[in-house]
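# Topology and contacts: notes
If you want the building blocks of each chain, they are given just below.
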Amino acid sequence: MAVDGRLRAVVALAQAMAAAQTSRESWRAAALGACGALAGSFAALSVWERERGRLRVLVNAGERAPDEEEFPESEAYPVNRFPEITEFLHERWAGGGEPEAWVETATGPATSGHGYCHQRVAALRRRGRGCCVVAPIVLHGRAWGELYVARPEASPVFDRDDADFATVLASVVAAGIAQTERLEEVRRLAFTDPLTGLANRRAVDTRLDEALERHRADGSVVSLVVCDVNGLKQVNDTQGHAVGDRLLERFGSVLSLCGAMLPGALVARLGGDEFCLVAVGPSADEVVDVADDLCVRAKGLELGQGVACGVASTGDPIGEVHSARRLFRLADAAQYRAKAARSPKPVVAGRDGTVMRLADSPPRSAQDRRRFRDARPEESEEEPWSEP
């Protein structure tokens, strides 16, 4: 490939990785971009997991063999089978040099040499490939993994210029991976409550919108549990906000533990003393059982006075749920009902006649909310309120 063509390939690779929204998209863009730039037929991106002593394949792109998945769940190789990433690469650095790519062929030596691995040679032969170029990926000054590009048996063998170009491509890939990591960290912070480490309201809104789309498509049950930690103000007033924060953290841990009983559930802090759990798939009864367990565990916490818990699920007779707002109104009304009744168990929309009326009654004033939340059960019948 001419110099201009290689420059365009580098720019295209950088742009493709910059446009990626997720790590998987970034990995795939890296592998496909490098494969095309080097006129290869197959490319893979692998990460060196130091703590496990292995190279784990993140993506296989291009013409895959029958045993190669695009995003393999468990394709990994002990690094002692590929010593160049831990020995050859570090040896180069120790000598003051830079990491460089190397070429291996299906006709290579049967034993490992400096930068030559007989396991790769065997893999080339097994999969009908004639040669490969392997480029170390260095991120934040450390070996991160490798970029691997192969050609079929009938194609020209990679030469030294190809290896040098692969080294350049690996540096572009490293920059793209670093950018993706930064973006994912920003997203993580944007969707995470800083005190508890749980999801935040933004994450809940996103999950509920997706969940209700699935509900409309295939009828999957969507359930929302809304919780209000009782006694937080008293803890803050008598023991200080640091202790109050500890109560919120402790309850967040309990909520996370209970949420783990429902596959794929999202647990979140909505703000202040309010938390929630979103479940997609489990039946309404399963969610209510978990909410009941949550109430019991919260009551056993050293701080606070338990939790008021409301549940709304499309698995119960609550009518059509066209939006996340409607499900929130129902769960909120159930939670406020639980708070007013000082219920030790969750109140469930569709199983408590008052909840539906509360959810469908517009608020008359800001004072109505406080009066309802503080009312005795019999008083709450006369003071309906719903979350706007």
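Up top is the structure these notes are about.
What comes next is a walk through the structure. This structure is a prediction, so every number in the text was calculated from the model and none was measured. (Residues numbered from 1 in each chain as written. Predicted model: local features only at pLDDT ≥ 70, side-chain atom pairs only at ≥ 80, totals over all residues. Heavy atoms only, no water.)

## Brief notes about the sheet that holds strand 8 (residues 266–271)
Just so we agree on the cut-off: Whether two strands pair depends on DSSP finding at least two bridges between them. In this description a helix means any DSSP run of H or I spanning at least four residues, a strand means any run of E spanning at least two, and both kinds are numbered starting from the N terminus.
What the five strands build is an open sheet, ordered 8-9-7-10-11; its pairing is mixed. Among the strands making up the open sheet, the edge pair consists of strand 8 and strand 11 (347–348). Relative to strand 10 (residues 307–313), strand 7 (residues 222–229) runs antiparallel, the two sharing seven bridges. Looking at strand 10, one finds that L224 is bridged to A312.

## Quick look at the nonpolar core
Threshold: Throughout, nonpolar core names a set of buried Ala, Val, Leu, Ile, Met, Phe, Trp, Tyr and Cys residues whose side chains join them through atoms within 4.5 Å. Buried residues are those whose accessible area, probed at 1.4 Å on protein chains only, stays under 20% of the maximum for their type, while exposed residues exceed 50% and partly exposed ones sit between those limits. Two residues form a contact once any of their heavy atoms are found within 4.5 Å.
Ranked by internal contacts, the top residues of the largest apolar core, which has 39 residues, are L45, I137, L147, L169 and V173. Those elements that provide at least two residues to this core are helix 1 (3–19), helix 2 (23–37), strand 1 (42–49), strand 2 (54–62), strand 5 (129–139), strand 6 (142–152) and helix 5 (160–190). For this core, the element with the highest residue contribution is helix 5, accounting for 10 residues. Beyond its immediate stretch of four places on either side in the chain, L45 contacts W27, A30, R56, V57, L58, V59, I137, W144, E146, L147, V173 and I177. If you look at the next biggest cluster of nonpolar residues, it comprises 32 residues, including V222, A308, F328 and A338.

## Topic: the sheet that holds strand 1
Just so we agree on the cut-off: An axis is simply a line fitted to the C-alpha atoms; with a helix, the fit covers only the stretch in contact. Between two such axes, the angle follows the N-to-C directions and lies from 0 to 180 degrees.
In spatial order, the strands read 3-2-1-6-5-4; together these six strands make up an open sheet with antiparallel pairing. Only two strands of the sheet have a single neighbouring strand rather than two, namely strand 3 (76–78) and strand 4 (102–105). Direction aside, the axes of adjacent strands within the sheet are offset by 25° on average. Lying over the sheet, helix 2 contacts strand 1, strand 2 and strand 6, oriented at roughly 65° with respect to strand 2. Each of strand 1, strand 4, strand 5 and strand 6 touches helix 5; the most contacted strand, strand 5, lies at about 45° to it.

## A word on the side chain of S23
With respect to the secondary-structure elements, S23 resides in helix 2. With a relative accessible area of 17%, S23 lands in the buried category. Among all residues touching S23, those that are not within four sequence positions of it are T180 and E184.

## A look at empty space enclosed by the protein
Our working definition: Throughout, the protein atoms alone are placed on a 1 Å grid, and a set of points is a cavity if a 1.4 Å probe fits but cannot get out or a pocket if it is open with protein on both sides within 12 Å along at least five of seven lines; lining residues have an atom within 4 Å of a point. Grid points are joined across faces, edges and corners, and a volume is the space filled by probe spheres set on the points. Throughout this entry, Asp, Glu, Lys and Arg are counted as charged residues, while Ala, Val, Leu, Ile, Met, Phe, Trp, Tyr, Cys and Pro are counted as nonpolar. The remaining residues, Gly among them, count as polar.
Under the definition given, this model contains one cavity of 30 Å³ or more. In this structure, the largest cavity occupies an estimated 40 Å³ of space. Around the largest cavity, the lining residues are L247, R250, L301, E302 and L303. Its residues placed into classes, the lining of the largest cavity shows three nonpolar, no polar and two charged.

## Here we look at the pattern of salt bridges
Which entries qualify depends on this criterion: Any carboxyl oxygen of Asp or Glu that lies within 4 Å of a side-chain nitrogen of Lys or Arg is treated as forming a salt bridge with it.
Tallied over the full model, the rule gives 20 salt bridges. Put simply, E73 and R24 hold a salt bridge, and the shortest N to O gap is 3.6 Å. Note that E73 is positioned in the loop between strand 2 and strand 3 and R24 in helix 2, a separation of 49 residues in sequence. You can call E73 exposed: its relative accessible area is 63%.

## Focus on the packing of helix 8 (residues 241–259) against helix 9 (residues 284–299)
So the rule is basically this: Roughly parallel covers angles under 35 degrees, roughly antiparallel covers those over 145, roughly perpendicular covers 65 to 115, and oblique covers all other angles. Take the far helix as the reference: if the near one is turned anticlockwise from it by less than a right angle, the crossing is left-handed, and if turned clockwise, right-handed.
The N-to-C vectors of helix 8 and helix 9 enclose an angle of 150°; their axes lie 10 Å apart at closest approach. With respect to helix 9, the element helix 8 is oriented roughly antiparallel. In the crossing of helix 8 with helix 9, the sense of the turn from one axis to the other is right-handed. Across the interface between the two elements, F251, V254, L255, L257 and C258 from helix 8 touch V290, D293, L294, R297 and A298 from helix 9. Partitioning the contact of helix 8 with helix 9 into residue classes produces eight nonpolar, no polar and two charged.

In short, shape yes, function no, at least from these values alone.
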